[in-house]
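Below, each chain spelled out in residue letters.
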Amino acid sequence: MSETIPITIDGVEVQAKPGQTILEAADAAGIYIPRLCYQKDLVPFGACRVCTVLVNGRPQPACTQPVAPEMVIDNSSEKVQTYRRNIIEMLFVEGNHFCMFCEKSGNCELQALAYRFGITAPKYPFLFPKREVDASHPDIFVDHNRCILCARCVRASRDVDGKNVFGFVGRGPHKKVAVNADANLGGTDAAATDKALDICPVGALMRKRVGYAVPVGQRDYDTKPIGSDIETSKAK
Amino acid sequence: MAKPKVATTSLAGCFGCHMSILDIDERILKLVELVDFDKSPINDIKKFTGRCAVGLIEGGCANEENVEVLREFRKHCDVLIAVGECAIMGDIPAMRNMVPLKECLDEAYLNGPSVYNPSGQVPNDPEIPLLLNKVYPINEVVKIDYFLPGCPPSADTIWQALTALLGGKPVELPYELIKYD
């Protein structure tokens, strides 16, 4: 058995390792595949579908699809980019993302993806759902308006923190993150030091009293697009 | 040849985007050489005096007057630009969209902690524009050609868009100028 699996991403031959997913192989080769629910230290979940690529012409989520020999992967055609742009726009209209007063603005991965894709306005009508804010915990709060159901907090709390604080309830538009206490977040053993808090890509799960520590304009994605760290690793 | 005309208005917005237009600083002298301002709060012209090349719209549609003004703009302008997040997604005014309109009015005029209203009347004079059931982004009411995101968009974003259009080019914003905050 050979030690590497040859695949092609956007016409570039990449030597992937057995057991790697398409996304891991692309990262190692310095090719950025946009993603939201994927996080390096967590079990892949395949929730957001932003990392959709065409594998031999068929759409597949790059974060869960393992590499196989002779795969021809399309990560940059207009068709693939349109899929992704539509998903990002849908995420914006189905929640209440008020960027101008969100503490996460500039560090938000959803916003950063929209910036990277040059989205100036979503083409879908806004739904303006009625959602709650749970500020019952002394140190942290959950703003369901901003939640995109990526399950990063669910996986981090379960696998890294070992607390199982978060989980999903409901279906379709009623689906939301719930906590493992009868009342609300204040009744759980969640703490401000939990990995689950660092890992939220948007401003849904936040620490209290640390807002605006870094001024707007100097934040992660204010000057460089999301994914440029992966792309520059290729240049070296 | 007559200079192209630019019209601006503020619907349900805070005039922050107009402040951002003024914030183009000394370039405004160059802008005045390039265009004439038509209906706009900047020169206080209330009615269109003719066909405009560009209409800049700040704010979303919160009442029937906003819709009327917006439709007038669509009728009189070749290119309509949504300026700022209120025009694009409703923003702060749209935060009432999660609350039924009656509850909003009751809170404002009857039940609010600082309200003194012995007659118990909610203002209903026919002169006051009727509120819509919710605040609408302007592209849900008329066709919009370009969007300048930001709260407000930077002066550079507005300058970039205006000069591109006046030079006959499409509006293309570089990464640094696309901001939602």
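Quantities reported herein were computed from a predicted structural model and do not represent experimental measurements.

## Remarks on the nonpolar core
Membership of the largest hydrophobic core comes to 68 residues, with the highest contact counts inside it found for I88, L110 and F166 of chain A. In terms of residue count, the dominant contributor to this core is helix α7 (residues 155-166) of chain B (six residues). Contact partners of L110 of chain A, with chain neighbours within four places excluded, come to L36, I88, L91, F92, H97, I148, P201 and V202 of chain A. Residues A121 of chain A together with F48, C61 and L70 of chain B belong to the second largest nonpolar core, which totals 21 residues.

## A short note on the interface of chain A and chain B
On the chain B side, the residues contacting the 30 residues of chain A number 23 residues. Carbon and sulfur atoms make up 66% of the area that chain A and chain B hide from each other, which totals about 2,200 Å². K179 of chain B is the salt-bridge partner of D222 of chain A, the closest N and O atoms lying 3.9 Å from each other. At the boundary of chain A and chain B, one finds seven residue pairs in polar contact (both at pLDDT 80 or more).

## Comments concerning the packing of aromatic side chains
All told, the structure shown has six aromatic pairs over all chains when counted by the stated rule. Ring plane angle 15° and centroid distance 5.7 Å describe the contact between F98 of chain A and F101 of chain A, whose orientation is recorded as stacked. Since its relative accessible area comes to 33%, F101 of chain A is described here as partly exposed. Three or more aromatic residues link up through ring pairs in this structure, and these residues are F92 and Y115 of chain A together with Y175 and Y180 of chain B. If you follow K175 of chain A out to its NZ or CZ, it ends over the ring of F168 of chain A, 4.3 Å from the centre.

## Quick notes on the sheet that holds strand β3 (residues 52-58) of chain B
Residue and element names in this part refer to chain B. Pairing is parallel in the open sheet, where five strands are placed in the order β2-β1-β3-β5-β7. Either end of the sheet is taken by a strand with one partner, and the two such strands are β2 (36-37) and β7 (146-148). Of the strands in this sheet, β1 (5-10), β3 and β5 (77-83) are in contact with helix α3 (residues 64-76), which crosses β5 at around 135°.

## Examining the side chain of R96 of chain B
Residues and elements named next belong to chain B. Inspection of the secondary structure puts R96 in the loop between α5 (91-94) and α6 (101-111). It turns out R96 is buried and unbridged, and the closest side chain with the opposite charge, E64, is 12 Å from it. A polar atom in the side chain of R96 sits 3.0 Å from the backbone oxygen of L132. With residues up to four places along the chain from it excluded, the contact list for R96 reads A62, L101, C104, L131, L132, N133, K134 and V135.

Calculation criteria
- Residues numbered from 1 in each chain as written.
- Chains lettered and ligands numbered in written order.
- Predicted model: local features only at pLDDT ≥ 70, side-chain atom pairs only at ≥ 80, totals over all residues.
- Heavy atoms only, no water.
- Core = buried A, V, L, I, M, F, W, Y, C linked by side-chain atoms within 4.5 Å.
- Buried < 20%, exposed > 50% of the residue type's maximum accessible area, 1.4 Å probe, protein only.
- Helix = DSSP H or I, 4+ residues; strand = E, 2+ residues; numbered from the N terminus.
- Contact = heavy atoms within 4.5 Å.
- Buried area = accessible area lost by both parts, 1.4 Å probe.
- Salt bridge = Lys/Arg side-chain N within 4 Å of Asp/Glu carboxyl O.
- Polar contact = N/O pair within 3.5 Å; in protein donor to acceptor, adjacent residues only side chain to side chain.
- Phe/Tyr/Trp six-rings, centres within 6.5 Å; stacked < 30°, edge-to-face > 60°.
- Lys NZ or Arg CZ within 6 Å of the ring centre and 35° of its normal.
- Pairing = 2+ DSSP bridges.
- Axes fitted to C-alpha atoms, helices over the stretch in contact; angles between N-to-C directions.
- Lys, Arg positive; Asp, Glu negative; His and termini not counted.

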